[in-house]
Amino acid sequence: MFKIAIPLDNTLSFYHRNPFTSPMFAIYTIENENKRVTFALLKVIDNPWDSTNKGEYKKCQIQCACDEESSSDIQHITEHYAILHAVGACDYLLADYYCDNISQVFKNAGIKTYKVPPFIHKVDMAIKNFLLGASLASTYKHIHHAS
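Undergrad: How should helix H6 (residues 100-109) be read in this particular structure?
TA: One full turn of an α-helix is made of 3.6 residues, so residues set three or four places apart face in the same direction. For H6, the set of buried residues is Asn-101, Ile-102, Val-105 and Phe-106. Each buried residue of H6 sits inside an arc of 135 degrees when the element is viewed along its axis, so together they form one side. Seen from the buried face of H6, the exposed residues on the opposite side, beyond 90 degrees, are Asp-100 and Lys-107. Gly-110 occupies a position one or two residues after H6 and carries a positive phi of about 80 degrees.

Undergrad: Quick question: what am I supposed to make of the pattern of salt bridges here?
TA: Close approach of charged atoms allows side chains with opposite charge to pair. Tallied over the full model, the rule gives one salt bridge. Among the salt bridges present, the one from Asp-96 reaches Lys-115, with a minimum N-O distance of 2.6 Å. Placement of the pair is Asp-96 in the loop between strand E4 (92-95) and H6 and Lys-115 in strand E5 (residues 112-115), with a sequence separation of 19 residues. Residue Asp-96 is classed as buried on the basis of its relative accessible area of 7%.

Reading the values: rules and limits
- Residues numbered from 1 in each chain as written.
- Predicted model: local features only at pLDDT ≥ 70, side-chain atom pairs only at ≥ 80, totals over all residues.
- Heavy atoms only, no water.
- Buried < 20%, exposed > 50% of the residue type's maximum accessible area, 1.4 Å probe, protein only.
- Helix = DSSP H or I, 4+ residues; strand = E, 2+ residues; numbered from the N terminus.
- Arc of directions from axis to C-beta.
- Salt bridge = Lys/Arg side-chain N within 4 Å of Asp/Glu carboxyl O.

Dropping the structure here:
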């Protein structure tokens, strides 16, 4: 069994912007027994930084476009670690895109990130995309371009 975290918007759909700015996270368990894979919602958790920040972010934070100065500012970097209070026990984070600082936070915490395509909005489809993608990636030894 392992756990995945999924950033959610206020309608409980997949949040496609910087997960650092998502209102909440869904935590799911994934189990694989006898070649049968099941997933179940464990809990939905408010984003601790979103609660502290009252949901107010600069446009650059939402779009993962912080300038070089703020990206190297120690306070800005440490703010990203607040997300671990919600997703720190997970093995994977499913995300569309994320800033370098959040990427480093997850790497330091041992959480792998999995890219979800921008056209997926339903959480169950994001999970199925992850399961199929991770399964295929671990099965094939060599993938070559057809040209």
